[in-house]
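# Structural overview
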Amino acid sequence: MRKALRRFYLILMLIFLYAPIATLIVLSFNSSKTRAKWGGFTFKWYVSLFRNSDIMEALYTTISIALLSSIIAVIIGLIACVGLNAMKKTSRSIMMGITNIPMLNADIVTGISLMLLFLSMGLKFGFGTILLSHITFNIPYVILSIMPRYKNINQSTFEAALDLGATGFQAFFKVILPDLFPGILSGFLLAFTMSLDDFIITHFTKGAGINTLSTKIYTEVKKGIKPEMYALSTLIFVTVMILLILINKPDKDDNLKPYTPT
Amino acid sequence: MKNKAKLLAAPYSVWAIAFILIPLAMIFYYGLTDRSGAFTFENIISITTAEHSKALILSLFLSLISTVICLLLGYPLAMVLTKIGRNSHSLIVFIFILPMWMNFLLRTLAWQTLLEKTGVINNILNILGLPSLNIINTSYAIVLGMVYNFLPFMVLPLYNSLTKIDTNVINAAHDLGANDVTTFIKITLPLSVPGIISGVTMVFIPALTTFVISNLLGGSKILLIGNVIEQQFTQASNWNLGSGLSIVLMLFIVVNMIITAVFDKDGEGTML
């Protein structure tokens, strides 16, 4: 009885979270141009999508920014983690406090503050300013994913490698890095996802003439969203869903087994 | 070795100063000066004007309601996830990570389609013989949008702190004769406080400062404080006023951070 109730609640919440997503997928097959009425089933938006240079350009910008910003954030973040761990406790906590600011601060404030900075530096708003902003809000995700892994590393293994004649670099790459890898990977994926889904910070730092998918959608809201956008979102979503299912390989028996305290 | 390693934090330190601290200082500079650059409190005081204070109070009100609803919906969900097993990782992914790959603006816009007068939800209600729901372009729709978008931010910290509770403690309470309700009130709830505080912060701040949700679901007639600030930057080009209002907003954020720091010393209920 109780188990059924739990299952029911879980399903209810999943419906709540996925109802809009299902709606968008259905709309991508709607042959009527407005989202208000159903005009029959069609694949035409999936075809015309690839001929729509505006959307393709926005997609290209979005993916370039997400990829570049998360790779650069991983590099800066990883190096920073090595340094932070060698620091004294007080200076490390100060740095971690600063790292937390972009995560706890409101996106609108982060966006505005970066906009004011770029304005006063006289930078030209465009790809570069978006990239700098995305790196900035991605680094904290990377650092906060890697730092907890560091606590579990046995410092003696590193020293053992040094004693056995490895240089500091060799020891780091052969001993420490493999242990950090899961943290690096999850930091990268998190950063990539955040960059892809960001609208607010991009909105303030993008300037005219360049659009990511988010900002493109925002400008289309008043005129009505192009159905091709639904088609593209569906393609992205389904691809990622398949990838995630493959990675997680949800073993049904394992997942549904009730939790038994050990 | 240690001293050399310390230097590796230098590139990030420079980055953090240049792109985190200096930009924040710029907000204070602009917020505390007028267009000619002279020092003034005008921009901050302007929060007391009827238009701005109305937006702030409405924002506070709607984000508080959304936070409470998120907590009430999210706590049972987090408990269900904990009960399903330590192995509910893939469910967590489906609740938090996967939806983010469908654009946030589109997901919010989809609620328009669902909520419209002749929308999906009203059709279902009609079939069931229930009265239709007309909440699109009202504050109710904004609250729904906030709950929908920020619920995952509530569930994850709650889930993290609930999984950390030693099951032996709960078993001990049962052995000593406590029923489920007493165990929940005396054991589970107090031990999950760090998660609650962290979840409340993660929902309250984005809800308080949003301008997108109110724009998309509020029919652009309902102005929240986020909308007022955004307009100062994108339409009115009054950066000083926009920065001044942002300083007011940051006051709430700082208070929130302090509360989190006091209740969650070990960072137990953190997002990651």
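These figures come from a predicted structure and were not determined experimentally. Each chain has its residues counted from 1, following the order in which its sequence is written. Starting at A for chains and at 1 for ligands, labels are handed out in the order in which the entities are written. Local features in this predicted model are restricted to residues whose pLDDT is 70 or higher, and side-chain atom pairs enter the listing and the counts only when it is 80 or higher, whereas totals over whole chains, interfaces and linings include all residues. Side-chain measures were taken over the full set of non-hydrogen atoms in the model, leaving aside hydrogen atoms and water.

## Observations regarding the overall build of chain B
From N to C terminus, chain B includes 14 helices and zero strands. The helix count covers DSSP runs of H or I at least four residues long, the strand count covers runs of E at least two residues long, and both are numbered beginning at the N terminus. What you see in chain B, going N to C, is helices and strands ordered as α-α-α-α-α-α-α-α-α-α-α-α-α-α. Projected onto its principal axes, the C-alpha coordinates of chain B cover approximately 70 × 70 × 35 Å. Counting contacts in chain B only where the partners sit at least 6 residues apart, residues at least 24 apart contribute 71% of the total. Using the Shrake-Rupley algorithm and a 1.4 Å probe, accessible areas are obtained, with residue cover drawn only from the displayed protein chains. Working note: accessible area of chain B is about 12300 Å², and carbon and sulfur atoms make up 70% of it. Note on contacts: a residue pair qualifies if any of its non-hydrogen atoms lie within 4.5 Å across the two residues.

## Regarding the packing of aromatic side chains
Each aromatic pair joins two rings of Phe, Tyr and Trp (for Trp, the six-membered one) with centres within 6.5 Å, and gets the label stacked for planes under 30 degrees apart, edge-to-face for over 60, and tilted for any other angle. Following the criterion strictly, the structure yields 24 aromatic pairs over all chains and no others. For the pair F43 of chain A and Y46 of chain A, a centre-to-centre distance of 6.1 Å together with 70 degrees between the ring planes defines the contact as edge-to-face. With a 1.4 Å probe rolled over the protein chains alone, any residue whose accessible area is under 20% of its type maximum counts as buried; one over 50% counts as exposed, and the rest are partly exposed. Overall, F43 of chain A belongs to the exposed group, its relative accessible area being 53%. Of the residues examined, Y46 of chain A reaches a relative accessible area of 13% and is grouped as buried. Relative to W101 of chain B, the ring of F192 of chain A has its centre 5.8 Å away and its plane inclined at 25 degrees; by these criteria the two rings are stacked. Here F192 of chain A is found in helix α8 (residues 168-197), whereas its partner W101 of chain B is found in the loop between α5 (89-96) and α6 (104-115) on a different chain. Per residue, the accessibility class of F192 of chain A equals that of W101 of chain B, and both read buried. Chaining the aromatic ring pairs together yields one cluster made of F199, F204 and Y218 of chain A together with F211 and F233 of chain B.

## A look at the interface of chain B and chain A
Buried accessible area, meaning the area lost when the parts come together, often serves as the stated size of an interface. The interface of chain B with chain A comprises 84 residues on the first partner and 90 residues on the second. Buried area between chain B and chain A, summed over both chains or domains, comes out near 8200 Å², and the portion from carbon and sulfur atoms is 77%. Among the residues chain B hides against chain A, the three largest losses belong to Y12, W101 and M102 of chain B. Together they make up 11% of the total. Salt bridge, as used here, is a side-chain nitrogen of Lys or Arg placed within 4 Å of a carboxyl oxygen of Asp or Glu. The tally of links between chain B and chain A comes to two salt bridges. Ionic pairing is found between R2 of chain A and D180 of chain B, a salt bridge with its closest N-O pair at 2.5 Å. Two N or O atoms count as a polar contact when they lie within 3.5 Å, although within protein this holds only if one can serve as hydrogen donor and the other as acceptor, and sequence-adjacent residues are included solely when both atoms are side-chain atoms. Linking chain B with chain A are 10 residue pairs in polar contact (both at pLDDT 80 or more). Top contributing element to the side of chain B that touches chain A by residue count: helix α2 (residues 10-31) of chain B, with 14 residues. Two parts placed together each lose some accessible area under a 1.4 Å probe, and the buried area is that loss summed for both.

## What to know about the side chain of S66 of chain B
Residue and element names in this part refer to chain B. Position of S66 relative to the elements: it lies in helix α4 (residues 50-84). A residue is classified by how much of its surface remains accessible, and S66, at 0% relative accessible area, is buried. Looking at S66, its side chain comes within polar contact range of the main-chain oxygen of L62, at 2.7 Å. Setting aside residues no more than four positions away along its own chain, S66 makes contact with V143, M146 and V147.

## A few points about empty space enclosed by the protein
Definitions used throughout: a 1 Å grid over protein atoms alone; a cavity as a set of points that fits a 1.4 Å probe which cannot get out; a pocket as an open set with protein on both sides within 12 Å along at least five of seven lines; a lining residue as one with an atom within 4 Å of a point. Grid points are joined across faces, edges and corners, and a volume is the space filled by probe spheres set on the points. Inspection of every chain in the model, using the stated rule, returns five cavities of 30 Å³ or more. Space inside the largest cavity adds up to approximately 120 Å³. Residue lining of the largest cavity: L59, T62, L196, D197, L213, L232, S233 and I236 of chain A together with M100, W101 and N103 of chain B, and that is the complete set. Elements that contribute at least two residues to the lining of the largest cavity include exactly α3 (53-86), α8 and α11 (227-248) of chain A. At three residues, the largest contribution of residues to the lining of the largest cavity is made by α11 of chain A. Of the residues assigned to the lining of the largest cavity, the class counts are seven nonpolar, three polar and one charged. Each domain's limits were defined by an automated method or a database of domain assignments. Mapping the lining of the largest cavity onto the domain boundaries places at least three of its residues in each of domain 1 (1-52 + 228-262) and domain 2 (56-225) of chain A. Charged means Asp, Glu, Lys or Arg here, nonpolar means Ala, Val, Leu, Ile, Met, Phe, Trp, Tyr, Cys or Pro, and polar covers whatever is left, Gly included.

Everything listed here is a matter of geometry and, on its own, says nothing about what the molecule does.
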